[in-house]
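So the chains spell out like this:
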Amino acid sequence: MVVRCGPQLVAPEGVEAQTCVLTQGGGVWARAYYRNATGDELRPVLSLMGPGGRTVELHCAPATDDEPGTCETSRVPSLAVPRSATAVAEFVGAGPVDEAPLLLRAGSERTPDARD
């Protein structure tokens, strides 16, 4: 298995996250590790983006406590070069979707030789 993760990020509000792209056996998927120390409910959304505009988006279970959590997309066939896939996790606060604040955006690293 090959795992490429972005940096661990911490927002001033208390959200911590790291996002990774995993590849194994011709499949690719995204995983986010997070912790919610805000005391409020968060709505995480995890996106896996591949070449040609292909995207898999997952609305993760709401993060409501200070315990570490994970969220993972399903595995998809990696028909193109797997190292060109990237992932982004966004953590949105409570409230109506159009008005909810974006508290943190964490992305995976992309290999320097990746091509679209």
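Just so you know, these numbers come straight off a predicted model, no measurement behind them. (Residues numbered from 1 in each chain as written. Predicted model: local features only at pLDDT ≥ 70, side-chain atom pairs only at ≥ 80, totals over all residues. Heavy atoms only, no water.)

K.L.:
Any chance you could break down the nonpolar core for me, citing the residues and the numbers?
P.N.:
Within the largest apolar cluster, 21 residues are counted, with the highest numbers of intra-cluster contacts made by Val15, Leu46 and Phe91. Residue assignment for this core shows that the elements contributing at least two residues are β3 (15–24), β4 (27–36), β5 (43–49), β9 (86–92) and β10 (102–107). Here this core gets four residues from one element, more than from any other, and that element is β4. In contact with Val15, not counting residues within four places along its chain, are Leu9, Val10, Arg35, Thr38, Leu42, Phe91, Leu103 and Leu104. (Core = buried A, V, L, I, M, F, W, Y, C linked by side-chain atoms within 4.5 Å. Buried < 20%, exposed > 50% of the residue type's maximum accessible area, 1.4 Å probe, protein only. Helix = DSSP H or I, 4+ residues; strand = E, 2+ residues; numbered from the N terminus. Contact = heavy atoms within 4.5 Å.)

K.L.:
Give a description of the packing of aromatic side chains that names residues and reports values.
P.N.:
Given two aromatic rings, one states the distance between the centres and the angle between the planes to describe the pair. Following the criterion strictly, the structure yields one aromatic pair and no others. With a centroid separation of 5.5 Å and 55 degrees between ring planes, the pair formed by Tyr34 and Phe91 is classed as tilted. Separated by 57 residues along the polypeptide, Tyr34 in strand β4 and Phe91 in strand β9 bring together distant segments of the chain. The class of Tyr34 is buried, set by a relative accessible area of 12%. For the cation-ring pair, Arg75 lies above Trp29, with the distance from its terminal atom to the ring centre recorded as 3.7 Å. (Phe/Tyr/Trp six-rings, centres within 6.5 Å; stacked < 30°, edge-to-face > 60°. Lys NZ or Arg CZ within 6 Å of the ring centre and 35° of its normal.)

K.L.:
Pulling in residues and values, what's your account of the pattern of salt bridges?
P.N.:
The tally for this structure, following the rule as stated, stands at four salt bridges. With a shortest N-O distance of 2.7 Å, Glu16 and Arg35 are connected by a salt bridge. Taken as a pair, Glu16 in strand β3 and Arg35 in strand β4 lie far apart in primary sequence, 19 residues in all. For Glu16, a relative accessible area of 28% corresponds to the partly exposed category. Across the salt bridge formed by Glu90 and Arg105, the nearest N and O atoms sit 2.6 Å from each other. Here Glu90 is found in strand β9, whereas its partner Arg105 is found in strand β10, with 15 residues between them in sequence. A residue is classified by how much of its surface remains accessible, and Glu90, at 25% relative accessible area, is partly exposed. Each of Glu16, Arg35 and Asp66 takes part in one network of salt bridges that share partners. (Salt bridge = Lys/Arg side-chain N within 4 Å of Asp/Glu carboxyl O.)

K.L.:
Describe the state of the cysteines, with residues and values.
P.N.:
Tallying each qualifying case throughout the model produces two disulfides. Through a disulfide, Cys5 is tied to Cys20; the S-S separation comes to 2.0 Å. With the S-S dihedral at roughly 100 degrees, the linkage between Cys5 and Cys20 falls on the right-handed side. Of this pair, Cys5 sits in strand β1 (residues 2–5) while Cys20 sits in strand β3, and the two are 15 residues apart along the sequence. Classification of Cys20 as buried rests on a relative accessible area of 1%. (Disulfide = S-S within 2.5 Å.)

K.L.:
Summarise the sheet that holds β10; cite the residues concerned and give the values.
P.N.:
For sheets, the rule is that strands pair by backbone hydrogen bonds, running either parallel or antiparallel. Within the open sheet, the four strands sit side by side as β6-β5-β9-β10. Their pairing is antiparallel. Every interior strand has two partners, whereas the edge strands, β6 (55–59) and β10, have only one. Ignoring strand direction, the axes of neighbouring strands in this sheet form an average angle of 15 degrees. (Pairing = 2+ DSSP bridges. Axes fitted to C-alpha atoms, helices over the stretch in contact; angles between N-to-C directions.)

K.L.:
How would you summarise the environment of Gly69 if you had to cite specific residues and measurements?
P.N.:
Take Gly69: it is sitting in strand β7 (residues 69–72). Residues Gly69 and Pro51 lie 18 residues apart in sequence; the distance between their C-alpha atoms is 28 Å. Here Gly69 is in contact with Ala32, Tyr33 and Tyr34, once residues within four sequence places are set aside.

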